[in-house]
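Chain by chain, the residues run as shown.
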Amino acid sequence: MTGDGPIRVLIVDDDAMVRAGLSMILGGVADIEIVAEAADGAEVPPLVGEHRPDVVLMDIRMPGIDGLTATETLRRTSEPPEVVVLTTFHADAQVLRALRAGAAGFLLKDIAPGELVRAVRKVAAGEPILSPAVTRQLITHVADGGGPGEERGERARKLLERLSEREREVATAVGQGKSNADIGRELYMSVPTVKAHVSRILTKLGLNNRVQVALLVYDAAS
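Everything quoted here is computed from the prediction, not taken from an experiment.

S.K.: Pulling in residues and values, what's your account of the sheet that holds strand E3 (residues 55-59)?
M.R.: The five strands are arranged E2-E1-E3-E4-E5 in an open sheet whose pairing can be described as parallel. Here the strands that pair on one side only, and so sit at the sheet edges, are strand E2 (32-38) and strand E5 (105-108). Across the sheet, the axes of successive neighbouring strands diverge by a mean angle of 25°, strand direction being ignored. The pairing of strand E1 (residues 7-12) with E2 spans six bridges and is classified as parallel. Looking across to E2, one finds that Arg8 is bridged to Glu33. Across the sheet, helix H5 (residues 113-124) lies against E1, E2, E3, strand E4 (82-87) and E5, angled at about 125° from E3, the strand it touches most.

S.K.: I'd like a rundown of the pairing of E5, residues and numbers included.
M.R.: Judged by which residues are buried, E5 turns out to be covered on both faces: Gly105 and Leu107 on one side and Phe106 and Leu108 on the other are all buried. Two elements, E4 and E5, share four bridges in a ladder whose sense is parallel. Residue Val84 lies in a different strand from E5, and its bridge partner there is Gly105.

S.K.: Can you break down helix H10 (residues 191-205) residue by residue, with the values?
M.R.: Spacing of three or four residues puts side chains on the same side of an α-helix, whose turn is 3.6 residues. Look at H10: 21 Å from first C-alpha to last across 15 residues, which is about the 21 Å you get at 1.5 Å a residue. Residues of H10 that are buried: Val194, His197, Val198, Ile201, Leu202 and Leu205. An end-on view of H10 places all buried positions within 135° of arc, on one side of the element. Looking at H10, the residues exposed on the side facing more than 90 degrees away from the buried face are Pro192 and Thr203.

S.K.: Residue-level account of the packing of helix H8 (residues 165-175) against helix H11 (residues 210-221), with values.
M.R.: Where H8 contacts H11, the two axes come as close as 8 Å, and the packing angle between them is 100°. Considered as vectors, H8 and H11 are oriented roughly perpendicular to each other. From H8, Ala171, Thr172, Val174 and Gly175 reach across to H11, where they touch Arg210, Val213, Ala214 and Val217.

S.K.: Which residues make up the nonpolar core, and what values go with them?
M.R.: The biggest cluster of nonpolar side chains holds 27 residues, and the ones touching the most others in it are Leu10, Val12, Val44, Val56 and Met58. Beyond its immediate stretch of four places on either side in the chain, Val44 contacts Leu10, Val12, Met58, Ala70 and Leu74. Ile183, Leu187, Leu202 and Val217 belong to the second-largest nonpolar core, a separate cluster that totals 21 residues.

S.K.: Can you explain helix H4 (residues 93-101)? Please cite residues and give values.
M.R.: All of the buried residues in H4 are Gln94, Val95, Leu96, Ala98, Leu99 and Ala101. Gly102 sits one or two positions beyond H4 and adopts a positive phi of about 120°.

S.K.: Quick rundown of the environment of Ala196? Include the residues and the values.
M.R.: Residue placement: Ala196 occurs in helix H10. Given the relative accessible area of 30%, Ala196 is considered partly exposed. With 29 residues separating them along the chain, Ala196 and Glu167 place their C-alpha atoms 9.9 Å apart.

Conventions and cut-offs
Residues numbered from 1 in each chain as written. Predicted model: local features only at pLDDT ≥ 70, side-chain atom pairs only at ≥ 80, totals over all residues. Heavy atoms only, no water. Pairing = 2+ DSSP bridges. Helix = DSSP H or I, 4+ residues; strand = E, 2+ residues; numbered from the N terminus. Axes fitted to C-alpha atoms, helices over the stretch in contact; angles between N-to-C directions. Contact = heavy atoms within 4.5 Å. Buried < 20%, exposed > 50% of the residue type's maximum accessible area, 1.4 Å probe, protein only. Expected span 1.5 Å × (residues − 1). Arc of directions from axis to C-beta. Parallel < 35°, antiparallel > 145°, perpendicular 65-115°, else oblique. Core = buried A, V, L, I, M, F, W, Y, C linked by side-chain atoms within 4.5 Å.

The following block contains the structure:
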């Protein structure tokens, strides 16, 4: 549940069967509400404005406005919903670009129903659903067209220089896939203190979520 009701979900996919399947799975869960469906990225901004979903399940490949463009558009708005990319590929350039744009993670379209429900709940609670290990696998195997790796690395290192030494330690731990509890034990902090550090890191670096922190740490080390 979100603060005042069920988790509101917008499903975006050009395949009516996929939309129906996702809607059937999620629609039967008490704490999740399907507020709208869309078949094209062009429909997303007005539907988000009208229904204010907490989570958008976003197909990447659509014949009109694709999911990447729609994700980038949403993440530039104030108080955007969390975006989860739907894909049939484990390693895909479009997926990585969507993560860099601020998507909270990705799901394969053949995901088990129980895992789908858990993923939606995690994202609605502000937790990413993509482990840094999977992120590193994506980066290693996919060229994302975002410019030479050397340039990205230099930019990432300059961004990390904005952080205090303690914040860099927390960012590194986030990049290693450690939970707040793990980071607290390793760095001798309380979990609320870790959360406060993560929030400051996101604000200082202009990032949306922990996935982007992990990407930045990886880029800086490459």
